[in-house]
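Overview (structure and organization)
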Amino acid sequence: MSLRINDEAPNFTAETTQGTINFHHWIGNDWAILFSHPKDFTPVCTTELGYMARIKPEFDKRNVKIIGLSVDPVTNHGKWAADIEETQGHKVNYPMIGDPELKVAKLYDMLPADAGTTSEGRTAAANATVRTVFVIGPDKKIKLMLIYPMSTGRNFDEVLRVVDSIQLTAKHTVATPVNWKPGQDVIIPPSVSDEDAKKKFPGGWKTLKPYLRIVPQPK
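The following paragraphs examine the structure supplied in this document. What you see as residue numbers is a count from 1 along each chain, following the sequence as written. Selection of residues for local features in this predicted model requires a pLDDT of at least 70, selection of side-chain atom pairs for listing and counting requires 80 or more, and totals for whole chains, interfaces and linings are taken over all residues. Hydrogens and water molecules were not included; the side-chain quantities draw on all heavy atoms of the structure.

Re the packing of aromatic side chains
For Phe, Tyr and Trp, where Trp contributes only its six-membered ring, two rings pair if their centres lie within 6.5 Å, and the inter-plane angle classes them as stacked under 30 degrees, edge-to-face over 60, or tilted in between. Applying the stated rule across the entire model yields seven aromatic pairs. Ring plane angle 70 degrees and centroid distance 5.0 Å describe the contact between Tyr108 and Phe134, whose orientation is recorded as edge-to-face. On the criterion of sequence distance, the pair formed by Tyr108 in the loop between helix H4 (103-107) and strand E6 (132-136) and Phe134 in strand E6 is long-range, its members being 26 residues apart. This pair shows no difference in class: Tyr108 is buried, exactly as Phe134 is. Every member of this aromatic cluster is reached through a ring pair, and the members are Phe12, Phe23, Trp26, Tyr108 and Phe134. Stacked on the ring of Trp26, the Lys or Arg Lys65 has its end atom at 5.4 Å from the ring centre. Secondary structure elements are taken from DSSP: a helix is a run of H or I of four residues or more, a strand is a run of E of two residues or more, and numbering for both begins at the N terminus. Note on exposure labels: buried denotes an accessible area under 20% of the residue type's maximum, exposed denotes more than 50%, and partly exposed covers the range between, all computed with a 1.4 Å probe on protein chains only. Charge-over-ring contacts are defined here by two conditions on Lys NZ or Arg CZ: a distance within 6 Å of the ring centre and an angle within 35 degrees of the ring normal.

Below, the structure is given as structure tokens:
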């Protein structure tokens, strides 16, 4: 199954470092970030997991839950977590899904259906495609997918920025321009007529083109 933005995030039940979860139930009415890893004890992923632990309070402020996934058993995750804390200076403070039968990786189209049914004997290179970030809304719909190569560490500051944009645009009928950061001007989408825009933005806006109207970020 190929996943796209606005598809429902596939539900699953799995073992994690914080117990068994039903994914949709675990999300509840919050937002969620699911980010996956090809194997435990891999160097780039070690830095990523540590950094996510460091900035978790920022996601907490935005009602965003974090959950990791690695194509290895939960028992391995606990040992890896000790290495992460030692080398990165931050204790993993969110659940890590164990996926030793590759079920979640296949469900999220990160591995092909014929990849087998066990992580045993598989190398990180064989699981290279399990390097995706999913941002999922309270409606359980996928809002963002980012896929990275194994050799490139992910930019989780960018993920935080995108969450700010997605949450803002979900609350207000606006869009965010290139390289937008919180507090900067936003765009009135073409779907909003000038008449409706006057009601939503009584302070007015700047029209660069009929389809490009700039307005201060709503509070």
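Points about the pairing of strand E9 (residues 206-209)
Residues in a regular strand point their side chains to alternate faces of the sheet. Pairing analysis gives three bridges linking E9 to strand E10 (residues 212-215), with the strands arranged antiparallel. Looking across to E10, one finds that Lys206 is bridged to Ile214. Between the end of E9 and the start of E10, which pair antiparallel, lie two residues. Should DSSP find at least two bridges between two strands, the strands are regarded as paired.

Overview of the environment of Ala125
Counting through the fold element by element, Ala125 comes out in the loop between H4 and E6. Exposure remark for Ala125: the relative accessible area of 59% places this residue in the exposed category. Residues Ala125 and Lys209, 84 residues apart in the sequence, show an inter-C-alpha distance of 48 Å.

Observations regarding the pattern of salt bridges
Each reported salt bridge corresponds to a side-chain nitrogen of Lys or Arg within 4 Å of a carboxyl oxygen of Asp or Glu. Taken as a whole, this structure holds twelve salt bridges when the rule is applied. Of the charged contacts, one joins Arg131 and Glu48 as a salt bridge, the two residues approaching to 2.7 Å between their closest N and O atoms. Separated by 83 residues along the polypeptide, Arg131 in the loop between H4 and E6 and Glu48 in helix H2 (residues 43-61) bring together distant segments of the chain. The partner of Lys56 in a salt bridge is Asp60, and the shortest N-O contact between them spans 3.2 Å. Taken together, the positions of Lys56 and Asp60, both in helix H2 and four residues apart, correspond to about one turn of that helix.

Side note on the sheet that holds E10
Strand order in the open sheet made by the three strands is E8-E10-E9, with antiparallel pairing throughout. With partners counted over all chains shown, the strands left at the sheet margins are strand E8 (186-188) and E9, one partner each. Across the sheet, the axes of successive neighbouring strands diverge by a mean angle of 40 degrees, strand direction being ignored. Bridging between E8 and E10 involves three bridges; their strand directions are antiparallel. By the bridge assignment, Val186 is partnered in E10 with Val215. Geometry is summarised by axes, namely lines fitted to C-alpha atoms with helices restricted to the contacting stretch, and by angles between N-to-C directions that run from 0 to 180 degrees.

A few points about the side chain of His77
Relative to the helices and strands, His77 is located in helix H3 (residues 74-88). Every residue pair with non-hydrogen atoms within 4.5 Å of one another is taken to be in contact. Not counting residues up to four positions away in its chain, the partners in contact with His77 are Thr17, Asp40, Ser70, Asp72, Met96, Ile97 and Gly98.

Description of helix H5 (residues 156-171)
Given a rise of 1.5 Å per residue, 16 residues ought to cover 22 Å, and the 23 Å separating the end C-alpha atoms of H5 matches this to within 8%. Burial in H5 covers these residues: Phe156, Val159, Leu160, Val162, Val163, Asp164, Ser165, Ile166, Gln167 and Leu168. Summarising the contacts, the buried residues of H5 are in contact with strand E3 (31-37), H2, strand E4 (64-70), E6, strand E7 (142-147) and E8. Under the rule applied, a polar contact is a pair of N or O atoms within 3.5 Å (in protein, one hydrogen donor and one hydrogen acceptor; residues adjacent in sequence only if both atoms are side-chain atoms). The N-terminus of H5 is capped by Asn155, whose side-chain oxygen sits 3.1 Å from the backbone nitrogen of Asp157. Take the number of residues in a helix, subtract one, and multiply by 1.5 Å to get its expected span.

Concerning unusual backbone geometry
Phi at Phe41 is positive, roughly 60 degrees, even though this residue is not glycine. Following the sequence through the fold, Phe41 ends up in the loop between E3 and H2. By relative accessible area, Phe41 is classed as partly exposed at 43%. A positive phi angle, near 70 degrees, is found at Lys140, a position not held by glycine. Among the secondary structure elements, Lys140 is positioned in the loop between E6 and E7.

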